[in-house]
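So you can see what is in the structure, the chains are spelled out below.
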Amino acid sequence: DAGVIQSPRHEVTEMGQEVTLRCKPISGHNSLFWYRQTMMRGLELLIYFNNNVPIDDSGMPEDRFSAKMPNASFSTLKIQPSEPRDSAVYFCASSQGGAMSYEQYFGPGTRLTVT
Amino acid sequence: AQSVTQLGSHVSVSEGALVLLRCNYSSSVPPYLFWYVQYPNQGLQLLLKYTTGATLVKGINGFEAEFKKSETSFHLTKPSAHMSDAAEYFCAVSSGGGADGLTFGKGTHLIIQP
């Protein structure tokens, strides 16, 4: 299996621009998670989906952030408009879901720089 | 609410020495506990996990951890450090296994001295 795929790996954009991060989970996995990693705040859960349905988006910092999962094999995290403080590494992870599946598999991350 | 505290943002040990990375958690429900490792510019990889049952769990690369409910701890150990163990280590807690988001500690950077 190719693992969790994220694109782009690096993104540099100017403040005010729209940014879209993409994630393809492992085939057959039912749960998908978006995390953000910064030096100041560490790893934070932003939002997660079970069976394509958003379950908990309490970690989404502001209305500028939105996430979708239109089908089982694709998810996006959008920031509009972007700000310098959004600069971070964004990770997508997936798991089989359910009470008997415990491991989350992480993608390589997207390093976002907003200037 | 859940939280994880990792004592020591940096830990330095000599090659061949014991590795001990500390993790304490707070959870209102029986926790699922995890240790992940992150190498530079890479994603996170699961080292080991505690769900139920045996409190001493063994993971990859010779690491193990012991769940101590009375101490709310889940410390990570390895008897003999190797240069390749140098990385960032994260302890995490979840209440719902794979179907629930993880709450991570701040991480511990493990440095291996030759």
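Residues numbered from 1 in each chain as written. Chains lettered and ligands numbered in written order. Predicted model: local features only at pLDDT ≥ 70, side-chain atom pairs only at ≥ 80, totals over all residues. Heavy atoms only, no water.

Caption draft 1: Representation of the state of the cysteines. All names here are of chain B. Taken as a whole and assessed by the stated rule, the structure comprises two disulfides over all chains. Covalent S-S linkage joins C23 and C91, the inter-sulfur distance amounting to 1.9 Å. Across the S-S bond linking C23 and C91, the dihedral sits near -65°, which makes this disulfide left-handed. One end of the pair, C23, is in strand 3 (residues 19–26); the other, C91, is in strand 9 (residues 87–94), and 68 residues separate them in sequence. Of the two residues, C23 and C91, neither departs from the other in class, the shared state being buried. (Disulfide = S-S within 2.5 Å. Helix = DSSP H or I, 4+ residues; strand = E, 2+ residues; numbered from the N terminus. Buried < 20%, exposed > 50% of the residue type's maximum accessible area, 1.4 Å probe, protein only.)

Caption draft 2: Highlighting the pattern of salt bridges. Inspection of every chain in the model, using the stated rule, returns ten salt bridges over all chains. When the shortest N-O distance is used, the salt bridge between A:E44 and A:R41 registers 2.7 Å. With a shortest N-O distance of 2.8 Å, B:D85 and B:K78 are connected by a salt bridge. The pair B:D85 / B:K78 is uniform in exposure class, with both members buried. (Salt bridge = Lys/Arg side-chain N within 4 Å of Asp/Glu carboxyl O.)

Caption draft 3: Here's a closer look at the side chain of A:E44. Its place among the elements puts A:E44 in strand 5 (residues 42–50). Setting aside chain neighbours within four positions, we find A:E44 in contact with A:W34, A:Y35 and A:R36. (Contact = heavy atoms within 4.5 Å.)

Caption draft 4: Representation of the interface of chain B and chain A within the structure. Counting residues at the interface gives 21 residues for chain B, matched by 25 residues for chain A. Counting the surface lost from both chain B and chain A, the interface buries some 1,700 Å², and carbon and sulfur atoms represent 54% of this. Across the contact surface, chain B and chain A share zero salt bridges. Secondary-structure elements contributing two or more residues to the side of chain B that touches chain A are strand 4 (32–38) and strand 5 (44–50) of chain B. Of the residues belonging to the side of chain B that touches chain A, the class tally is nine nonpolar, nine polar and three charged. (Buried area = accessible area lost by both parts, 1.4 Å probe. Nonpolar A, V, L, I, M, F, W, Y, C, P; charged D, E, K, R; others polar.)

Caption draft 5: View of the environment of B:N41. The residue B:N41 is located in the loop between strand 4 and strand 5 in this model. When the C-alpha atoms of B:N41 and B:V4 are compared, they prove to be 23 Å apart, with 37 residues separating the residues in sequence. In this structure B:N41 touches A:R9 and A:R111, once residues within four positions along its chain are discounted.

Caption draft 6: Spatial organisation of the sheet that holds strand 1 (residues 5–7) of chain A. Residues and elements named next belong to chain A. Taken together, the four strands give an open sheet; going across it, the order is 1-3-8-7, and neighbouring strands pair in antiparallel fashion. Across the chains shown, the open sheet's two edge strands, defined by having one partner strand only, are strand 1 and strand 7 (65–71). Pairwise comparison of adjacent strand axes, ignoring direction, gives a mean angle of 15° for this sheet. Bridge count for strand 3 (residues 19–24) against strand 8 (residues 74–79) is five bridges, and the pairing is antiparallel. What sits directly across from V19, in strand 8, is I79. (Pairing = 2+ DSSP bridges. Axes fitted to C-alpha atoms, helices over the stretch in contact; angles between N-to-C directions.)

Caption draft 7: Region of the structure containing the side chain of B:S94. Within the fold, B:S94 resides in strand 9. The buried category is assigned to B:S94, whose relative accessible area is 0%.

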